[in-house]
2 protein chains.
Amino acid sequence: MKRNKFKLLAALAACLSFQTFAQEVGQVERLISPEITQSNDVIFRLKAPAASSVKLSGNWMTMVPNPNGQGASRQLVELVKDASGVWSTKIPAMAPELYGYSFIVDGVTTLDPSNLKVARDGTFRTESLLYVAGPASDLYWAKTGPKGSMQQVWYDSKTLNLTRRMQVYTPPGYEDSKASYPVLYLLHGGGGDEEAWPTLGVAANILDNLINAGKAKPMIVVMTNGNPNQVAANVISPNIPVANLPVGGMGSMLFEKSLVGDVIPFIENHYRVKKNKESRALTGLSMGGLQTINTSFEHPNLFNYIGVMSMGFADLSRFGVKVDASQRDQQIEGLKKANPALYWIACGKEDFLIESVVTMRKKLDEHAFRYVYRESEGGHTWTNWRVYLSEFAKMIF
Amino acid sequence: MKRNKFKLLAALAACLSFQTFAQEVGQVERLISPEITQSNDVIFRLKAPAASSVKLSGNWMTMVPNPNGQGASRQLVELVKDASGVWSTKIPAMAPELYGYSFIVDGVTTLDPSNLKVARDGTFRTESLLYVAGPASDLYWAKTGPKGSMQQVWYDSKTLNLTRRMQVYTPPGYEDSKASYPVLYLLHGGGGDEEAWPTLGVAANILDNLINAGKAKPMIVVMTNGNPNQVAANVISPNIPVANLPVGGMGSMLFEKSLVGDVIPFIENHYRVKKNKESRALTGLSMGGLQTINTSFEHPNLFNYIGVMSMGFADLSRFGVKVDASQRDQQIEGLKKANPALYWIACGKEDFLIESVVTMRKKLDEHAFRYVYRESEGGHTWTNWRVYLSEFAKMIF
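Residues numbered from 1 in each chain as written. Chains lettered and ligands numbered in written order. Predicted model: local features only at pLDDT ≥ 70, side-chain atom pairs only at ≥ 80, totals over all residues. Heavy atoms only, no water.

**Q** Can you help me understand the overall build of chain A in this one?
**A** Within chain A, the secondary structure is distributed over nine helices and 20 strands. Relative to its length of 397 residues, chain A is compact, with a C-alpha radius of gyration of 23 Å against a globular reference of 21 Å. Projected onto the principal axes, the alpha-carbon positions of chain A cover approximately 70 × 55 × 45 Å. Per-residue burial over chain A gives 62% buried out of 397 residues. Excluding contacts between residues fewer than 6 apart, the proportion of contacts in chain A whose partners are at least 24 apart in sequence is 73%. As displayed, chain A offers around 14,900 Å² of accessible surface, 52% of which is attributable to carbon and sulfur atoms. The average position of the 41 basic charges and that of the 36 acidic charges among the side chains of chain A differ by 4 Å. (Helix = DSSP H or I, 4+ residues; strand = E, 2+ residues; numbered from the N terminus. Rg over C-alpha atoms; globule rule 2.2 N^0.38 Å. Buried < 20%, exposed > 50% of the residue type's maximum accessible area, 1.4 Å probe, protein only. Contact = heavy atoms within 4.5 Å. Areas by Shrake-Rupley, 256 points an atom, 1.4 Å probe, with all protein chains shown as cover. Lys, Arg positive; Asp, Glu negative; His and termini not counted. Charge placed at Lys NZ, Arg CZ, Asp CG, Glu CD.)

**Q** Explain the pattern of salt bridges to me, please; I cannot follow it from the model alone.
**A** Between side chains of opposite charge, a pair can form when the charged atoms approach closely. All names here are of chain B. Going through the model one piece at a time under the given rule, you end up with 25 salt bridges over all chains. A salt bridge links arginine 120 to aspartate 193, with the nearest nitrogen and oxygen atoms 2.9 Å apart. Of the two residues, arginine 120 sits in strand E11 (residues 118-121) while aspartate 193 sits in the loop between strand E15 (183-187) and helix H3 (196-199), which places them 73 residues apart along the sequence. With relative accessibility at 11%, the residue arginine 120 sits in the buried group. Classification of aspartate 193 as buried rests on a relative accessible area of 4%. (Salt bridge = Lys/Arg side-chain N within 4 Å of Asp/Glu carboxyl O.)

**Q** I would appreciate a short explanation of the sheet that holds strand E2 (residues 42-47) of chain A in the present structure.
**A** Sheet strands pair via backbone hydrogen bonds, and the direction of the pair is either parallel or antiparallel. Residue and element names in this part refer to chain A. With antiparallel pairing, four strands are arranged side by side in an open sheet as E1-E2-E8-E7. Pairing within the sheet leaves two strands with one partner each, and these edge strands are strand E1 (35-36) and strand E7 (80-81). Across two bridges, the pairing between E7 and strand E8 (residues 86-91) is antiparallel. Of the residues in E8, the one forming a bridge with lysine 81 is tryptophan 87. (Pairing = 2+ DSSP bridges.)

**Q** Which parts of the structure should I look at to understand unusual backbone geometry?
**A** For residues other than glycine, phi is negative in most cases, and the peptide bonds are mostly trans. Here the amide bond leading from A:Ser33 into A:Pro34 is cis, since omega sits at -5 degrees, within 30 degrees of zero. Relative to the helices and strands, A:Pro34 resides in the loop between helix H2 (18-21) and E1. Here A:Asn234, not a glycine, exhibits a phi torsion of approximately 55 degrees, which is positive. Although it is not a glycine, B:Phe397 sits at a positive phi angle of roughly 65 degrees. Along the chain, the position of B:Phe397 falls in the segment after helix H9 (382-395).

**Q** In this structure, what is going on with helix H6 (residues 287-298) of chain A? I would like to understand it.
**A** Every α-helix carries 3.6 residues per turn, so stepping three or four residues along brings you back to the same face. All names here are of chain A. In this model H6 runs 16 Å from its N-terminal to its C-terminal C-alpha over twelve residues, within 8% of the 16 Å that 1.5 Å per residue would give. Among the twelve residues in H6, eleven count as buried, and that is most of the element. Those residues of H6 that sit buried are Met287, Gly288, Gly289, Leu290, Gln291, Thr292, Ile293, Asn294, Thr295, Ser296 and Phe297. (Expected span 1.5 Å × (residues − 1).)

**Q** Looking at this model, I keep getting lost on helix H7 (residues 328-338) of chain A. Mind explaining?
**A** All names here are of chain A. Buried residues of H7: Arg328, Gln331, Ile332, Leu335 and Ala338, and no others. Along the axis of H7, the buried residues cluster in a sector spanning 120 degrees; they form a single face. Among the residues trailing H7, asparagine 339 stands out with phi positive, at a value near 55 degrees. (Arc of directions from axis to C-beta.)

**Q** It is not clear to me how the pairing of strand E19 (residues 342-348) of chain A should be interpreted in this structure. Could you clarify?
**A** Along any regular strand the residues' side chains alternate between the sheet's two faces. All names here are of chain A. Of all seven residues in E19, seven are buried, a share of seventy percent or more. Alternating residues of E19 divide into Leu342, Trp344, Ala346 and Gly348 and Tyr343, Ile345 and Cys347, and every residue in both groups is buried. Strand direction decides the pairing type here: strand E18 (residues 305-309) and E19, joined by five bridges, are parallel. Among the inter-strand pairings, isoleucine 306 is bridged to a residue of E19, identified as tyrosine 343. The parallel pair E18 and E19, bridged by H7, forms a crossover whose chirality is right-handed. Summarising the sheet, E19 and strand E20 (residues 372-376) pair through five bridges and their orientation is parallel. By the bridge assignment for E20, tryptophan 344 is matched with valine 372. Handedness of the crossover joining E19 and E20 through helix H8 (residues 354-366): right-handed. (Right-handed = clockwise from strand over helix to strand, strands pointing away.)

**Q** I would appreciate a short explanation of the sheet that holds strand E7 (residues 80-81) of chain B in the present structure.
**A** With antiparallel pairing, four strands are arranged side by side in an open sheet as E1-E2-E8-E7 (chain B). Looking along the sheet, the strands with just one partner apiece sit at the ends: strand E1 (35-36) and E7 of chain B.

**Q** Looking at this structure, how should I read the pairing of strand E16 (residues 220-223) of chain A?
**A** Residues and elements named next belong to chain A. Burial along E16 is two-sided: the face carrying Ile220 and Val222 and the face carrying Val221 and Met223 are both buried. Two elements, strand E14 (residues 162-170) and E16, share three bridges in a ladder whose sense is antiparallel. If you follow tyrosine 169 over to E16, its bridge partner there is valine 221. In the sheet, strand E15 (residues 183-187) pairs with E16 via three bridges, with the strands oriented parallel. By the bridge assignment, leucine 184 is partnered in E16 with valine 221.

Here it is, written out as structure tokens:
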């Protein structure tokens, strides 16, 4: 059983917050978890002497159909307890990737308390993160070199009658330059918020690494909150327990209106931005993919680069979402006439929305509408969305 | 048992990430936890049918000495299980405050999965947050009105040979103004990092609310990472498990050198800043208090407003930290000659470092050094540090 080498410093840290953390004093040893070996075996550990069962749930795990026939679940891994009450398991040769995982202790999902690296996945959960380095994940980490900034900025939305927050990435060199930059508007999915792309999407690291390698143009990236009745993610406010904030508003077209009416004008008035179609790109995943479809149809001359990730012409009525598809033919013709430089559609073979992409492509083909289709392995996952952003960012501007 | 009213939307959100979250489909009902009643009773709930024991650990709880005589622990509250496997407890009439809490399930500390509001407390843990509104916590929430921005910005530290990240708050109106602003440098404690003041310290909300009420001058607030061997908090990087990053470097004077040699020049070159002593303030808590003491002694003419929170002339050798106090007399005389407009010392009556503050005040008194002493109730807690920031910000510039 490996333990942290920094007992002394951990003790210091604990002591310096004695009042709050006194229960840790005298027992501040920390397990090492996750431990990554030379061959990318990963060992997970949890001290839980009183638990009857500890399982590992990771987003790399195979999905298996539920016994009741409804949906599917991860094939969880059971940990084994040693004499000191430490549970562990080793996952062999993990592929390079940024993973999310949790322990399940007697049925309750928990973080890995030894791992300080966490991310909140929208309204779903907060997970521990595991980064396995390698070629496939090389764009995701914060390398030495010039870096852009990420700004949490508030803006007035007249459309929604709210003061709302978004995250704005400015590229390396922005602060010391007088240049104007093109802008990518980057939208999250249902259940997410404006912190999704900056955390799980590692958008800043991907952009820094691509720009520093000369593989993407320096650009500003705007990450909005796509839930039209939410002022911001994770914001401190009385009366409204955050868990109860409804998400989505899909099909209402409210976010789409606000993006065009509030967000773009704010960005173009507050940042050094090239204010023309050639310098605007729009992409989003899932719900954000629908918002991308809708916005580019409603405003065919606004964006020169359009990317639809993990979404197509979907019938979402079983989720209570009504998508107005009555104008599709005219919309496609309108966008065809506007002739954007790139209309990109990306979806995983196992995505539960892949059929909606088939439907969309068929419809676009009927109109001889020019688009690029990128089909990947896998499904409706951040693994894919990070790859899609990495690819889309190289093709624009 | 109360359940979330937004089943449909939760179902939608879950379905839209089907591949990753399919196990939630069909069972997406969420408990309401915490539930705050009209009289500020707070009900905590956790579904854990298989657990043998669920306890609540909150930072409002009384500390009681450990049975073994070493340190003290929170007086935890046991939850009670109902027939459906939901554990709950009610804490009556909670005082207005921003609290952190966790559940302890069969001995393992977990987040409240029903509560999306979380904050990471440095190298200690990630906790669920509970905001109880009222006069004492009124500065802490994101009210409607003009808002400043929070920027994560990277800078080169020649002193530390690292590219490092800090968080910079710019006040409401900064973006649309040509004015120059004074700057407060705001330092965290041992075990913390540059995300401490923006999250647990709710620095942006406190500053927005004070500035909008005309109670504090519009100012820029710079929140650094005070651990000199850390590039940034929670950053994705291979090879170095984040939990193993040593913290502190207290006593080395490395952070202090970098603050003066790297941080201040970067801020004064990249933001619209008034570059004079009258427009610089420095404050910090605990380790950051020591860094404040050290920096103002080394550079007596740099800051006109100096605030030391929860730290004094402490002997930290029992933590392995060597503080060089050999020049104290000359340093005090030097700072006395520089005559800063405010030297403010704040500490809680129950702070485990209160004796070091007594020592410090005695020494300062021997030199007839002018300072303001603020003694509060309570101890070494974020409750106090938020209050101290709220008070200090009103007295500067």
